[in-house]
Amino acid sequence: MVMRLSEALYQTFFKRSTVYIPMLLVGAYFSNEAIDYAVDKMWTTRNKGKLFSDIIAERT
Amino acid sequence: MRTSLLRSLGKGLGLCAEATSSRVAQQTMPAVAAMSTSASDAEPTSKAAHYAAALGGVMAGIFGASCVASANEAADGLHAPHYPWGHEGVLDSYDHAAIRRGHKVYQQVCAACHSMQYLHWRQLVGVCYTEEEAKALAAETEVEDGPNDEGEMFTREGRLFDAFPSPYANEQAARYANGGAYPPDLTLISGGRHNGPNYIFSLLTGYRDPPAGISIREGLYYNPYFPGGAIAMPKMLVDGGVEYEDGTPASASQQAKDITTFLAWASYPYQDEMRVMGIKACLMISILIGFAAYSKRLRWAPIKSQRIVMDVVN
């Protein structure tokens, strides 16, 4: 049976609350890590040369 | 319909423009009237046209209020232009090299008269100096401490937890040494003045001869950006006045830019962390809102799709 992606997502993650709630908890932990990594990466790339780590590296 | 509304807007704008004699409103009025002259004037004044005329009046009022006669300009200080500071955008950090240079400018030029008594040496660590550099700078200053076991006050070298030294013991001493004028503490000056960084930069670079007809008394200096126009501080930043250790050419405007960045940091040191945390929070919260909305609609689906039948009981 060919399922749409939304249908597949619903059946595996959203249908049963015993799956949904643990998925939220685990997903929160990993998405928090992912957001931390992504935003820090964006910040240091966009502000290259202005941050303290850059000016100290320049001096040594 | 739309062109006649525009005409009503123009009429309202024009009537009120003549009343307020506002330059901007009068300039706008012919433009708006020109847009609608091609249309025919067949329709009687509708309710929408009344509202459009009223809106024109309100716009003229706003234009009129924004172009206040320049008699207040000397009292309020010349409006500082907007400079493109590198730390303005929500994704931009402070230029920490400028903070470092700015601290040097403060030490060599400003610290003779201005205190920064709410800033501590430890706050510079990890921002513009390493711990060793900050310790060395603090150790060059003297701090009064005590009483010791003999009951006497003594002086010791500055440590990281000490505040920046003040040039005067108190406000009265500062006033006495500066002809009655108090050089304000600079820790929060960037946040405490309207349009802080632009104002400070303009002030420091804005010294000029007073225009014809304005004379400044002895001991004061003309600066159009200072409210009142007469400031007790002379022009302090000159080309080459400070030598930067990173080799940046120290023009007066470069020094002004660096000291303004340093003062902006001093007034809001946690800006960088707040911006990063804010971006992360906004991303996470929007994801959570998505799940909350989905869960709500999932649980409400049976109720929202109910069919309610009113049966008449005989």
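Residues numbered from 1 in each chain as written. Chains lettered and ligands numbered in written order. Predicted model: local features only at pLDDT ≥ 70, side-chain atom pairs only at ≥ 80, totals over all residues. Heavy atoms only, no water.

Enquirer: Just to check I follow, could you spell out the confidence of the model for chain A for this structure?
Expert: The predicted coordinates of low-pLDDT regions are not to be read in fine detail. With 95% of its residues at a pLDDT of 70 or more, chain A has an overall mean of 92. Per-element averaging of pLDDT across chain A places helix H3 (residues 52-59) of chain A at the bottom with 89 and helix H2 (residues 17-46) of chain A at the top with 96. (pLDDT = per-residue confidence, 0-100. Helix = DSSP H or I, 4+ residues; strand = E, 2+ residues; numbered from the N terminus.)

Enquirer: I would appreciate a short explanation of the nonpolar core in the present structure.
Expert: One broad trend across soluble globular proteins is that nonpolar side chains are buried collectively. Ranked by size, the top nonpolar core spans 42 residues in total, and within it Met 116, Phe 262 and Trp 265 of chain B carry the most contacts. Those elements that place two or more of their residues in this core are helix H5 (96-110), helix H6 (131-139), helix H9 (196-205) and helix H10 (252-267) of chain B. Counting residues per element, this core draws most heavily on H10 of chain B, at 8 residues. When neighbours within four sequence positions are excluded, Phe 262 of chain B is seen to be in contact with Ile 99, Gly 102, His 103, Tyr 106, Met 116, Leu 119, Leu 124 and Phe 164 of chain B. In this structure, Val 39 and Trp 43 of chain A together with Ile 279 and Met 284 of chain B belong to the second largest nonpolar core, which totals 7 residues. (Core = buried A, V, L, I, M, F, W, Y, C linked by side-chain atoms within 4.5 Å. Buried < 20%, exposed > 50% of the residue type's maximum accessible area, 1.4 Å probe, protein only. Contact = heavy atoms within 4.5 Å.)

Enquirer: What am I meant to see in the interface of chain B and chain A here?
Expert: Accessible area lost when the parts come together is the quantity often used to give the size of an interface. In this assembly, 30 residues from chain B lie in contact with 24 residues from chain A. Buried area between chain B and chain A, both sides added, is near 2,200 Å², and the carbon and sulfur share of it is 67%. Sorting the residues of chain B by area buried against chain A places Leu 91, Lys 280 and Met 284 of chain B first, and these three jointly supply 24% of that buried surface. In this structure, the connection of chain B to chain A is made through 5 salt bridges. The tally of links between chain B and chain A comes to 11 residue pairs in polar contact (both at pLDDT 80 or more). Those elements that place two or more of their residues in the side of chain B that touches chain A are H5 and helix H11 (271-304) of chain B. Examining the composition of the side of chain B that touches chain A, we find that 13 residues originate from one element, H11 of chain B, more than from any other. Of the residues that constitute the side of chain B that touches chain A, the class distribution is 15 nonpolar, 6 polar and 9 charged. (Buried area = accessible area lost by both parts, 1.4 Å probe. Salt bridge = Lys/Arg side-chain N within 4 Å of Asp/Glu carboxyl O. Polar contact = N/O pair within 3.5 Å; in protein donor to acceptor, adjacent residues only side chain to side chain. Nonpolar A, V, L, I, M, F, W, Y, C, P; charged D, E, K, R; others polar.)

Enquirer: Just checking my understanding: could you explain the pattern of salt bridges for this structure?
Expert: Two side chains with opposite charge may pair up if their charged atoms get near one another. According to the stated counting rule, one finds 14 salt bridges over all chains in the structure shown. With its nearest N and O atoms 3.3 Å apart, the salt bridge here joins Arg 59 of chain A to Glu 245 of chain B. Taken together, the positions of Arg 59 of chain A in helix H3 and Glu 245 of chain B in the loop between strand E4 (230-231) and H10 put the pair across two chains. The partner of Asp 145 of chain B in a salt bridge is Arg 156 of chain B, with the nearest N and O atoms 2.8 Å apart. With a gap of 11 residues between them, Asp 145 of chain B in strand E1 (residues 142-145) and Arg 156 of chain B in strand E2 (residues 154-157) connect regions that are remote in the sequence.

Enquirer: How do you make sense of the packing of aromatic side chains when you look at a structure like this?
Expert: Residues and elements named next belong to chain B. Tallied over the entire structure, the rule returns 13 aromatic pairs over all chains. An aromatic cluster is present here, built from Tyr 106, Trp 121, Phe 164, Phe 262 and Trp 265 joined pairwise through their rings. Here Arg 101 stacks its cationic end above the ring of Tyr 244, 5.8 Å away from the centre of that ring. The side chain of Lys 296 reaches across the aromatic face of Trp 300, ending 4.5 Å from its centre. (Phe/Tyr/Trp six-rings, centres within 6.5 Å; stacked < 30°, edge-to-face > 60°. Lys NZ or Arg CZ within 6 Å of the ring centre and 35° of its normal.)

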